[in-house]
Amino acid sequence: MRFSRRCLEGSSSAVSEEGGPAVAQLRNRNPVAQQRHSETVSKMAGADGDDSLYPIAVLIDELRNEDVQLRLNSIKKLSTIALALGVERTRTELLPFLTDTIYDEDEVLLALAEQLGNFTMLVGGPEYVHCLLPPLESLATVEETVVRDKAVESLRKISQEHSPVDLEVHFEPLVKRLASGDWFTSRTSACGLFSVCYPRVSSTVKAEIRQHFRTLCSDDTPMVRRAAASKLGEFAKVLELDYVKSDIISLFTALASDEQDSVRLLAVEACVSIATLLPQEDLETLVMPTLRQAAEDKSWRVRYMVADKFSELQKAVGPEITKNDLVPAFQNLLKDCEAEVRAAAANKVKEFCENLPEDSREQIIMTHILPCVKELVSDTNQHVKSALASCPEVRLNIISNLDCVNEVIGIRQLSQSLLPAIVELAEDAKWRVRLAIIEYMPLLAGQLGVEFFDEKLNTLCMAWLIDHVYAIREAATCNLMKLVEKFGAEWAQNTIVPKVLGMANDPNYLHRMTTLFCINALSEACGQDITTKQMLPVVLKMSTDQVANVRFNVAKSLQKIGPVIDSSALQTEVKPVLEKLATDTDMDVKYFAQEAISVLVLA
């Protein structure tokens with residue numbers, strides 16, 4: 001019997017208490033199965049007068065309860081039932097009972113498939129592990145994919161516990177039955193079992209397994225071909241090299257040319273495994289024609305898979321083929337007409353550059369990759385179909401890889417080739433793009449040097465402080481602190497501090513508050529002298545601001561920079577201002593002023 005719901009056809013419909021059909025919860029069982037169930041329960045748990053087995057009888061009875069949760073709970077306690085019954089009765093009574101009488105909800109079948117994978121010792125060890133095959137075989141044919149997958153997972157697990165003889169006598173026939181089943185569900189499950197039994201069977205059986213796999217690769221049902229394609233690389237790894245060349249390559253070529261793009265993209269995934277198995281001299285003739293074809297496939301999903309697996313493919317085929325074939329292919333993917341493909345390729349720029357052969361790395365990046373990167377980052381032409389510049393994910397991927405490009409090609413080339421694009425992105429309409437650039441600014445500043453930074457990027461850093469998005473203003477404040485740590489307090493005093501303090505008179509109160517946030521961030525890095533002589537007077541002046549939000553942030557700033565200021569200034573300048581703010585009409589200003597007085601011990 002199968003666990004599939006098809007088996008329930010012909011059974012009378014159940015009726016709920018309200019009189020309507022209970023389609024899911026209340027399944028009316030076949031009378032013969034009900035009778036067999038009652039006999040089995042009686043036989044297993046009480047016919048011999050052993051009252052100690054009564055709780056087990058209750059658990060078994062729950063397997064047929066109309067409440068799904070009760071059935072699920074009972075399935076999860078199968079190991080308890082099996083332990084109580086002992087290995088012999090588990091084999092002869094419990095497993096047949098499970099195989100023959102359970103038709104259930106998918107979640108119950110899923111739990112059963114998982115439980116059976118751990119049942120080896122409960123049926124008597126590896127010698128009897130084949131007893132678990134019938135129920136798992138049935139579970140491997142059900143309609144619900146997650147149940148089938150779990151059953152296959154358990155079958156793969158227990159296959160390792162079969163002796164070579166049992167594998168041929170019991171397991172391999174099961175694989176054949178699934179592979180030649182009438183329903184596509186069984187044939188898809190078979191695809192996941194070939195690789196686990198192939199290495200340990202005789203050469204005759206190996207030939208049969210290879211034939212079955214070939215048949216499934218050309219199955220009429222796309223779902224089966226898809227399952228075969230997904231396991232092609234795994235199966236190739238256990239085959240002898242001669243059969244990889246004679247069998248797997250032809251299957252790979254056929255699947256990569258399948259009419260269904262969902263099959264073709266899985267063939268690309270298998271390409272990585274196949275390429276690692278073949279000698280270098282065979283790759284060009286056996287793999288590369290198909291890979292070139294996939295990189296130019298009419299379906300964007302296939303090209304996306306090529307882009308997504310590009311670094312793995314690069315490592316598998318080696319440096320020579322990378323230079324001759326993969327570099328042009330990568331360029332095309334970076335220029336693809338679909339944003340999803342470009343995004344996937346852009347995400348591989350860093351790894352691709354790192355894995356290029358050292359002797360030609362700079363030449364390849366400068367000549368082939370960097371022009372594409374420049375185009376992707378700076379292209380704002382709205383007439384270009386799905387222009388990359390309109391895809392923030394791609395642009396952020398490029399930005400996140402700038403540090404790698406910088407390390408690889410050096411600062412001179414970076415400043416000439418990418419700086420215009422960086423400046424453009426720093427003013428991008430999408431705030432997340434601007435945020436990404438800010439986060440990379442300290443790195444770029446360190447590479448460019450202080451003079452170049454002041455000339456090209458300083459203005460940008462100051463402009464971010466008055467951005468209309470708070471997250472940008474906050475990140476820009478942190479950025480200034482990192483720049484001061486990198487370039488020093490003298491640079492800050494001459495370049496940054498005057499501009500920050502100038503914002504204290506801005507008509508927009510948000511910008512005036514940004515001045516306070518910057519002072520908070522910069523005080524420690526700038527040191528006592530600059531903080532006391534240049535920053536403190538501005539903070540104290542802002543204590544009379546018309547906006548309460550500014551005034552309470554003055555109190556918070558004084559608390560923050562207090563430890564940096566010299567003690568005499570604290571007593572003579574800071575304390576009077578905080579005492580005045582502590583009597584403010586606004587409750588928040590009062591609160592933060594009193595807190596600052598307490599923390600700074602000025603009371």
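Conventions used here
- Residues numbered from 1 in each chain as written.
- Predicted model: local features only at pLDDT ≥ 70, side-chain atom pairs only at ≥ 80, totals over all residues.
- Heavy atoms only, no water.
- Salt bridge = Lys/Arg side-chain N within 4 Å of Asp/Glu carboxyl O.
- Helix = DSSP H or I, 4+ residues; strand = E, 2+ residues; numbered from the N terminus.
- Buried < 20%, exposed > 50% of the residue type's maximum accessible area, 1.4 Å probe, protein only.
- Contact = heavy atoms within 4.5 Å.
- Expected span 1.5 Å × (residues − 1).
- Bend = angle between axes of the 7 residues up to and from the residue.
- Polar contact = N/O pair within 3.5 Å; in protein donor to acceptor, adjacent residues only side chain to side chain.
- Axes fitted to C-alpha atoms, helices over the stretch in contact; angles between N-to-C directions.
- Parallel < 35°, antiparallel > 145°, perpendicular 65-115°, else oblique.
- pLDDT = per-residue confidence, 0-100.

Trainee: Residues and numbers for the pattern of salt bridges, please.
Mentor: Tallied over the full model, the rule gives 26 salt bridges. A salt bridge links Lys-245 to Asp-282, with the nearest nitrogen and oxygen atoms 2.9 Å apart. Taken together, the residues Lys-245 in helix 15 (residues 241-256) and Asp-282 in helix 17 (residues 280-286) connect sequence positions 37 residues apart. Take Asp-282: its relative accessible area is 16%, and that puts it in the buried class. Between Lys-348 and Glu-351 there is a salt bridge, and its shortest N-O distance comes to 3.9 Å. We classify Lys-348 as buried; its relative accessible area is 14%. What emerges from the salt-bridge pattern is a single network uniting Arg-156, Lys-231 and Glu-234.

Trainee: Could you give me a rundown of the environment of Val-224, with the residues and numbers involved?
Mentor: Relative to the helices and strands, Val-224 resides in helix 13 (residues 222-230). In sequence terms Val-224 and Phe-184 are 40 residues apart; their C-alpha atoms lie 6.4 Å from each other. Ignoring any residue separated from it by four or fewer positions in sequence, one finds Val-224 in contact with Phe-184, Arg-187, Thr-188, Cys-191, Leu-216 and Asp-219.

Trainee: Report on helix 34 (residues 509-526), specifying residues and quantitative values.
Mentor: With 18 residues, helix 34 extends 25 Å between its outermost C-alpha atoms, agreeing within 8% with the 26 Å of an ideal straight helix rising 1.5 Å per residue. The sharpest bend along helix 34 measures roughly 30° and falls at Asn-520. The opening residue of helix 34, the one whose side-chain oxygen lies 2.9 Å from the backbone nitrogen of Leu-510, is Asn-508. Positive phi shows up at Gly-527, right after helix 34, with a value of about 95°.

Trainee: Which residues make up the packing of helix 19 (residues 300-308) against helix 22 (residues 339-346), and what are the values?
Mentor: Running from N to C, helix 19 and helix 22 cross one another at 5°; their axes reach a closest spacing of 8 Å. Considered as vectors, helix 19 and helix 22 are oriented roughly parallel to each other. In contact with Trp-300, Arg-303, Tyr-304, Ala-307 and Asp-308 of helix 19, helix 22 contributes Glu-340, Val-341, Ala-344 and Ala-345.

Trainee: Which residues make up the confidence of the model for the protein, and what values go with them?
Mentor: Put simply, the protein has an average pLDDT of 79, and 81% of its residues get 70 or more. This stretch, residues 45-49, has a pLDDT under 50; its non-local contacts, to residues over four places away or in other chains, come to five contacts.

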